[in-house]
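Coordinate inspection notes
Chain by chain, the residues run as shown.
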Amino acid sequence: MAPTPFLTLPNEITSEIFSYLRQIPLEYYHDTYGGSMGSTAHLRWRERTEAVRALSQTCKALQTHLLPWAWERFDCCFVPPARASKWFIFVMSGLQRKAAGMKKMGKHVKESVRTLSIVLTKSDVEATLRSLKELLQMLPNLRTLHVIHCKTPGALGKAIKDLQLPSVATLIVPTEAANAVIGVCPNVLHIRCAGGAGSTIIGGLKKLPKCQVLDGMIDWVKDPKLVDRLVKSAPSSLHTVEIRRPVCEGLGISSQDTAPAEWANIIPKLVQLKSLKTLIVTFPKATEEPMSDQATVDAATKVMRTLKRKGEETKLIVRRIQAPHYDTGSPKEEDRLVSEEIEIFD
């Protein structure tokens, strides 16, 4: 009997097909979206996982073939609409259930998980963090740890302090949970601030000697000395930094349409990062470009031109994004790239 044509597709094409199904974006910032993961808008991000797992159950051949994609993501963050009023309880009990379920899975399933997304609230903290610790120990090939929201950073730190997660290369974490997680992920190459001012993430770079990329919602203006701390804490491996404005639910729509003029005074200090090769400046989309935006671009251009070395190029990427608008009737999609300009200095 001839094999199903789908089974003959190269893995690259299969991955491309599945990429059109929605999953929770790694650019998800809880401070921007607000609320629980129980709304219809949030639940649409289960599309990829549910579709692939359903397809994998149609026959034994597809079950075997689709295993890496069916369990590539393990999301412990979604809440059905019927439980939305008690989402903070459901999400924690759900994590416990999923950890117990993973414990019963075969080795091949545990080895397939590459990305883990979690939300931690103040409900049943001790039991849930015990389950989380057991879950993390079961996933030998975990590459991305995505902490969407954390209300128990101190308890989290105590629960996992003796763990080591050497396989984690990408860490997406809000400021409040950074201290708890950074110490157990020594081989992180890319760290993203998923909320808060970012101060503990900057300080935590000292514990990440291999880190190459720093991006996300770091508030460079709230603490003027933050960029100075970056210069002192950054490992020699750090070659890419993003400057962008935090967009928080409580700041109002206007916060999504402007970038701080102070960036033009902060960015010049980045010239002290001798290993910096790529600087990304992310502006919110604006109807009219403020004059301060051009001053920021000029400052960034000067830094990257100064850092250019013989035989090596540096790069400046200027992006404009449209962040989710929380108080309109439109779906809260992830950051939408409006424009991108790349300047290379060689």
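Our structure is the block above this text.
Here we summarise the structure given alongside this text. (Residues numbered from 1 in each chain as written. Predicted model: local features only at pLDDT ≥ 70, side-chain atom pairs only at ≥ 80, totals over all residues. Heavy atoms only, no water.)

Description of the packing of helix α10 (residues 153-160) against helix α11 (residues 175-182)
Remark: α10 packs on α11, axes separated minimally by 8 Å, with the N-to-C direction vectors making an angle of 10°. With respect to α11, the element α10 is oriented roughly parallel. In this structure, α10 contributes Pro153, Leu156, Gly157 and Ile160 to the contact, and α11 contributes Glu176, Ala177, Ala180 and Val181. Grouping the constituent residues of the contact of α10 with α11 by class yields six nonpolar, one polar and one charged. (Axes fitted to C-alpha atoms, helices over the stretch in contact; angles between N-to-C directions. Helix = DSSP H or I, 4+ residues; strand = E, 2+ residues; numbered from the N terminus. Parallel < 35°, antiparallel > 145°, perpendicular 65-115°, else oblique. Contact = heavy atoms within 4.5 Å. Nonpolar A, V, L, I, M, F, W, Y, C, P; charged D, E, K, R; others polar.)

Looking at the sheet that holds strand β9 (residues 314-322)
An order of β1-β2-β3-β4-β5-β6-β7-β8-β9-β10 is seen for the ten strands of this open sheet, with the pairing classed as mixed. Lying at the two open borders of the sheet, with one neighbouring strand each, are β1 (73-76) and β10 (336-345). Neighbour-to-neighbour, the strand axes of the sheet open up by a mean angle of 15°, direction not taken into account. Pairing analysis gives five bridges linking strand β7 (residues 240-244) to strand β8 (residues 278-284), with the strands arranged parallel. Note that in β8 the partner of Val241 across the bridge is Leu279. Set on the sheet, helix α9 (residues 125-138) makes contact with β1, β2 (115-120) and β3 (144-150); between it and β2 the angle comes to about 170°. (Pairing = 2+ DSSP bridges.)

A closer look at α9
With 14 residues, α9 extends 20 Å from end C-alpha to end C-alpha; this agrees with the ideal 20 Å at 1.5 Å per step. For α9, the full list of buried residues reads Val125, Ala127, Thr128, Leu129, Ser131, Leu132, Leu135, Leu136 and Met138. In the core, the buried residues of α9 are packed alongside β1, α7 (87-104), α8 (107-110), β2, β3 and α10. (Expected span 1.5 Å × (residues − 1). Buried < 20%, exposed > 50% of the residue type's maximum accessible area, 1.4 Å probe, protein only.)

Regarding the packing of aromatic side chains
Summed over the entire model, instances satisfying the criterion amount to four aromatic pairs. Aromatic side chains Phe18 and Trp69 sit 6.1 Å apart centroid to centroid with 70° between the ring planes, which places their arrangement in the edge-to-face category. Taken together, the residues Phe18 in helix α1 (residues 11-18) and Trp69 in helix α6 (residues 67-70) connect sequence positions 51 residues apart. Assigned by exposure class, Phe18 and Trp69 land together as buried. When the ring of Trp87 is compared with that of Phe88, the centres are 6.3 Å apart and the planes differ by 85°; the resulting orientation is edge-to-face. On the accessibility criterion, Phe88 (35% relative accessible area) is partly exposed. Here the guanidinium or amino end of Arg53 rests over the ring plane of Trp71, the centre of that ring lying 3.8 Å away. Stacked on the ring of Phe90, the Lys or Arg Arg97 has its end atom at 4.9 Å from the ring centre. (Phe/Tyr/Trp six-rings, centres within 6.5 Å; stacked < 30°, edge-to-face > 60°. Lys NZ or Arg CZ within 6 Å of the ring centre and 35° of its normal.)

Thoughts on the pairing of β2
Counting buried residues along β2, six of its six residues qualify, which places the element largely inside the surrounding structure. With burial as the criterion, each face of β2 is covered, one bearing Thr115, Ser117 and Val119 and the other bearing Leu116, Ile118 and Leu120. One ladder, built from four bridges, connects β1 with β2; its direction is parallel. Along β2, the bridge assignment pairs Arg73 with Thr115. Two strands pair when backbone bridges link them, and β2 and β3 are joined in this way by six bridges, in the parallel orientation. Considered in β3, the bridge of Thr115 is made with Thr144. For the segment spanning β2, α9 and β3, crossover handedness is right-handed. (Right-handed = clockwise from strand over helix to strand, strands pointing away.)

Interpretation note: all reported values are geometric properties and have no functional meaning in isolation.
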